[in-house]
Amino acid sequence: MAIHLVEAQKTHEHPLLREWVADSIRDMIAKGKLKPGERICETRLAAELGTSRTPLREAIRLLETEGFLRVIPRRGAVVRDISIKDVTEIYEIKATMEGLSARLATHNFEKKDIGKLKEINRYLSELADKHDVNRFFKAHNQFHDFFLRASGNERLYQLNCSLIEQIHRLRLLSFTIEGRFKEAVAQHEKIIKAFEKRDAGLAARLVEENVMMGFKAIMAKLKQDKVA
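These numbers come from a predicted model, not from an experiment.

Caption draft 1: Summary view of the pairing of strand 1 (residues 69-72). Sheet topology places strand 1 next to strand 2 (residues 76-79); four bridges connect them, and they run antiparallel. Within strand 2, the residue paired with Val71 across the bridge is Ala77.

Caption draft 2: Highlighting the packing of aromatic side chains. Inspection of every chain in the model, using the stated rule, returns nine aromatic pairs. With a centroid separation of 6.1 Å and an interplanar angle of 10°, the aromatic rings of Phe109 and Phe146 are classed as stacked. Here Phe109 is found in the loop between helix 5 (84-106) and helix 6 (111-130), whereas its partner Phe146 is found in helix 7 (residues 133-150), with 37 residues between them in sequence. In this structure Phe109 comes out as buried when scored by relative accessible area, which is 3%. Phe146 gets classed as partly exposed once you look at its relative accessible area, which sits at 23%. Their ring planes at 45° and their centres at 6.1 Å tell us that Phe175 and Phe181 sit as a pair that is tilted. You can call Phe175 buried: its relative accessible area is 2%. Directly above the aromatic system of Phe68 lies the positively charged group of Arg26, at a separation of 5.8 Å from the ring centroid.

Caption draft 3: Representation of a positive patch on the surface in the model. Together, Arg39, Arg44, Arg70, Arg75 and Arg80 make up a positively charged patch on the protein surface. Mapped onto the elements of the fold, Arg39 is located in the loop between helix 2 (17-30) and helix 3 (42-49). On the basis of relative accessible area, Arg39 is assigned to the partly exposed category, the value being 43%.

Caption draft 4: Up close: the packing of helix 5 against helix 7. Interaxial distance between helix 5 and helix 7 falls to 7 Å at its minimum, and their mutual angle equals 65°. Remark: the crossing between helix 5 and helix 7 carries left-handed chirality. Contacts between helix 5 and helix 7 involve Glu98, Ser101, Ala102 and Ala105 from the first element and His144, Phe147, Leu148 and Ala150 from the second. Considered class by class, the residues forming the contact of helix 5 with helix 7 number five nonpolar, two polar and one charged.

Definitions and limits used
- Residues numbered from 1 in each chain as written.
- Predicted model: local features only at pLDDT ≥ 70, side-chain atom pairs only at ≥ 80, totals over all residues.
- Heavy atoms only, no water.
- Pairing = 2+ DSSP bridges.
- Helix = DSSP H or I, 4+ residues; strand = E, 2+ residues; numbered from the N terminus.
- Phe/Tyr/Trp six-rings, centres within 6.5 Å; stacked < 30°, edge-to-face > 60°.
- Buried < 20%, exposed > 50% of the residue type's maximum accessible area, 1.4 Å probe, protein only.
- Lys NZ or Arg CZ within 6 Å of the ring centre and 35° of its normal.
- Patch = residues over 30% accessible without salt bridge, like charges linked within 9 Å, V, L, I, M, F, W, Y side chains within 5 Å.
- Areas by Shrake-Rupley, 256 points an atom, 1.4 Å probe, with all protein chains shown as cover.
- Salt bridge = Lys/Arg side-chain N within 4 Å of Asp/Glu carboxyl O.
- Lys, Arg positive; Asp, Glu negative; His and termini not counted.
- Charge placed at Lys NZ, Arg CZ, Asp CG, Glu CD.
- Axes fitted to C-alpha atoms, helices over the stretch in contact; angles between N-to-C directions.
- Left-handed = near helix turned anticlockwise from the far one by under 90°.
- Contact = heavy atoms within 4.5 Å.
- Nonpolar A, V, L, I, M, F, W, Y, C, P; charged D, E, K, R; others polar.

Take a look at the structure:
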């Protein structure tokens, strides 16, 4: 009975309970409470979150598509791992494709679009002060998604999305590194100025640098976790 009351309250506060549960699991993975290769015990986790197993299983399916978890027959969901070689190859491609997207978007941006990017980055700055990893990560994705879509090249956009899905978990983990929030906001400010100047070459270069700084943050996090 108590669990149903808690779940009802969470449903009221979070219209999509599945999203709330998924956010909670992402946070556990980001903070190292759930480690690569660790099996998800549905009964224990549902009790810890104060929810039923139905929204938990829905969240697990969502997190599997995002690359956070892997569902193994007769074993259940486990926290997914990814090799350094995989990360390196993905980021090398990602930097080039996002740089091209920025170059194309520069010619398509209007004044209101620049204003939207500034609005998102102001919000990111506020979240950085609060050190809200989950919300910051989502807003950060929104910033990049905005100019990726503005490229006007649908195939390029879809290719970018497919790459991002493969490293979703590691990108989130990179924001747990001290100073990463402020660094991302500062990088975005430079990118916005390049868009304002209509300097496609500069925008592309800054976006590529931004992507590779994310790669360096991920590598630092992987080494940090290995030492720990």
